[in-house]
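Here's the letter readout for the chains.
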Amino acid sequence: MANEINRAEPHELRLDNREKLSVSGVREVESFDENAVVLHTARGVLIVRGSGLHLKTLSIDGGDVAVNGSVDSLSYEEAQKAGGFFRRLFG
């Protein structure tokens, strides 16, 4: 199930100069726009917030995603059974 956290599955983040983000261990891209990217990863739901964000690379088969733009924050949330993207975004 995509919502389960698998601590054995590899998951890495690399942020260069707050402009280039590389993420491995991605299971699903829930949504993305220029202000937020929501990724389901092996370690939970990762929300990337910023401005001018866009997906440069998307390889779900390999679990790799690259995001370019101005990254303001990275935060993890536990998977939620109820509520959608806007509930998590604006809490």
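Up top you'll find the structure we're talking about.
So, here's what we can say about the structure. (Residues numbered from 1 in each chain as written. Predicted model: local features only at pLDDT ≥ 70, side-chain atom pairs only at ≥ 80, totals over all residues. Heavy atoms only, no water.)

Turning our attention to a nonpolar patch on the surface. On the surface, a cluster of nonpolar side chains totalling about 310 Å² of accessible area is made up of Leu13, Leu15, Leu74 and Tyr76. Mapped onto the nonpolar patch, the elements with two or more residues apiece are strand E1 (13-16) and strand E6 (64-77). Inspection of the secondary structure assignment puts Tyr76 in strand E6. (Patch = residues over 30% accessible without salt bridge, like charges linked within 9 Å, V, L, I, M, F, W, Y side chains within 5 Å. Areas by Shrake-Rupley, 256 points an atom, 1.4 Å probe, with all protein chains shown as cover. Salt bridge = Lys/Arg side-chain N within 4 Å of Asp/Glu carboxyl O. Helix = DSSP H or I, 4+ residues; strand = E, 2+ residues; numbered from the N terminus.)

Here Leu74 shows up in strand E6. By relative accessible area, Leu74 is classed as partly exposed at 34%. As for Leu74 and Leu46, which are separated by 28 residues in sequence, their C-alpha atoms are 6.9 Å apart. With sequence-adjacent residues up to four places away left out, Leu74 is seen in contact with Leu13, Leu15, Leu21, Leu46, Ile47 and Val48. (Buried < 20%, exposed > 50% of the residue type's maximum accessible area, 1.4 Å probe, protein only. Contact = heavy atoms within 4.5 Å.)

Any functional reading would require information beyond the geometric quantities listed.
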